[in-house]
Amino acid sequence: MRQAVAELVDAICGELAELSLYGPRVRHANIAALAVGLALVLALVLRLNNPWWAAISAFLCVQASHPQSWQKGGMRIMGTLVGAAVSFVLTPWLVYDPLATVLLLFAAGTLAILGALLSPHGYAWLLGGITAMMVTLGSLDDPTLALSIAFYRAVEIVLGTATALLMTRLLAPVEGGAVAPPPGWHSLLGRNWHVLSYAMRTGMAVAAVPLVWRQLELPNLSQMAISIGAVMAVPTLTGVSETDQSAIAQRMLQRIAGCILGGCFGAIVLFLPISQSFVPWLLLLMAGTWLAMQIQNGRYGIAGVGSQAAIALILTLVQDTGPADSLLPAINRIAGMMGAIGLLVLINLLLGPPLGAWQANEEK
């Protein structure tokens, strides 16, 4: 672990040393900063409940080319709308029953990761599951809020995504590289059993969130569920237990490093006197996301650090009505992310390493 941390620190330092003002990497960062700024301004003008979701969606949907952005943005919108609709319909019926709530969260977490790994529309599956988790967990104390939560999440994410698509349509290249096809929904009880078991492990972790939250009184349980999905959504599973566990550990480590970088940058901005003036605050936030996008697209392979730094920065600097005036909301949100990582570690310790594909085939 010490070696992994040292390598990650070296990679971050290398990325910062190679920051550039020219080339495709800078163009990508410029588009992301503009998309985040515009999405945030629109969300504040429309008085949306959680304007940071619009900014986060804008950042995540800015890809290297317009077709790639359109593909990711379209799946993000579709997944969000379906997840919000399903959870709105089911939550009022199930949330009063603790067992039914746990089963709903388990199904949402399992299907989110299963679809992300197997489906040609994997990002839509992931966002659908995450949105269902958010609406369900946000409605635990008051199920009558399900409609409001589902509606505003959908509007915030659609607004941010549409802003990213507009910026990439105007400024990004019109050609992009092809994406490798996923394995598809087959042999889940055969040679792809390791994918199903991995997804079910994620579902167990998500289902445990409200139980742990109520016992330990942890803040921001929705953020915990989102973080579990983000960490477990590896691009591919090799079926080799050690390799897959290493990939998950790297995602956890990069997520922690990104939280630290983005949170510290945001805290420094908050202590500046000009941070309470709207224009300087917005420009500093855009500058931070510009740096984060450069790290995400650098050559050291630490994209997770860049994306998580942008998310942590946005969560630190944006509150309900505009510029943040306190670190407490950011601390609560980032604590939710850290709590999710701790819960994943606990689940893995209790269940042991996930079964590799070759082990599953031998046992069958």
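Residues numbered from 1 in each chain as written. Predicted model: local features only at pLDDT ≥ 70, side-chain atom pairs only at ≥ 80, totals over all residues. Heavy atoms only, no water.

Draft legend 1. Summary view of the overall build of the protein. What the protein contains, in helices and strands, is 14 helices and 2 strands. The long-range share in the protein, meaning contacts at least 24 apart out of those at least 6 apart in sequence, stands at 79%. Accessible surface, the protein as shown: approximately 16400 Å² in total, 68% of it carbon and sulfur. (Helix = DSSP H or I, 4+ residues; strand = E, 2+ residues; numbered from the N terminus. Contact = heavy atoms within 4.5 Å. Areas by Shrake-Rupley, 256 points an atom, 1.4 Å probe, with all protein chains shown as cover.)

Draft legend 2. The arrangement of the UniProt feature "transmembrane region" (unreviewed entry) in the protein in detail. In this numbering, the UniProt entry assigns the feature "transmembrane region" (unreviewed entry) to residues 29-46, 77-95, 101-118, 152-172, 252-272, 278-293, 300-318 and 330-351. For residues 252-272, the helix share is 90%, the strand share is 0%, and the end-to-end C-alpha distance is 31 Å. In residues 300-318, the share of helix is 79% and the share of strand is 5%. The end C-alpha atoms are 29 Å apart. (UniProt positions renumbered as here; feature names shortened; annotations may be inferred.)

Draft legend 3. Seen up close, the pattern of salt bridges. Scanning the model with the defined rule gives 3 salt bridges in all. Put simply, Arg153 and Glu156 hold a salt bridge, and the shortest N to O gap is 3.4 Å. Pair noted here: Arg153 and Glu156 are both in helix H7 (residues 146-171), with a separation of 3 residues, about one helical turn. Take Arg153: its relative accessible area is 13%, and that puts it in the buried class. A relative accessible area of 0% means that Glu156 is categorised as buried. (Salt bridge = Lys/Arg side-chain N within 4 Å of Asp/Glu carboxyl O. Buried < 20%, exposed > 50% of the residue type's maximum accessible area, 1.4 Å probe, protein only.)

Draft legend 4. Representation of the packing of helix H10 (residues 241-270) against helix H12 (residues 303-317) within the structure. Here H10 crosses H12 at 35°, and the two axes come no closer than 7 Å. Between H10 and H12 lies a crossing whose hand is right-handed. Along the lines of polarity and charge, the residues of the contact of H10 with H12 split into 13 nonpolar, 8 polar and 1 charged. (Axes fitted to C-alpha atoms, helices over the stretch in contact; angles between N-to-C directions. Left-handed = near helix turned anticlockwise from the far one by under 90°. Nonpolar A, V, L, I, M, F, W, Y, C, P; charged D, E, K, R; others polar.)

Draft legend 5. Fine view of the side chain of Thr101. Relative to the assigned elements, Thr101 resides in helix H5 (residues 98-118). In this structure, Thr101 is in contact with Leu94, Val95, Thr136 and Leu140, ignoring residues within four places of it in sequence.

Draft legend 6. Focus on a nonpolar patch on the surface. Together, Met78, Val82, Val86, Phe88, Val89, Leu90, Leu147 and Phe151 make up a nonpolar patch on the protein surface, roughly 710 Å² of accessible area in all. Elements with a contribution of two residues or more to the nonpolar patch: helix H4 (66-94) and H7. Of the residues forming the nonpolar patch, the biggest block, 6 residues, is contributed by H4. Relative to the helices and strands, Val86 is located in helix H4. Overall, Val86 belongs to the partly exposed group, its relative accessible area being 41%. (Patch = residues over 30% accessible without salt bridge, like charges linked within 9 Å, V, L, I, M, F, W, Y side chains within 5 Å.)

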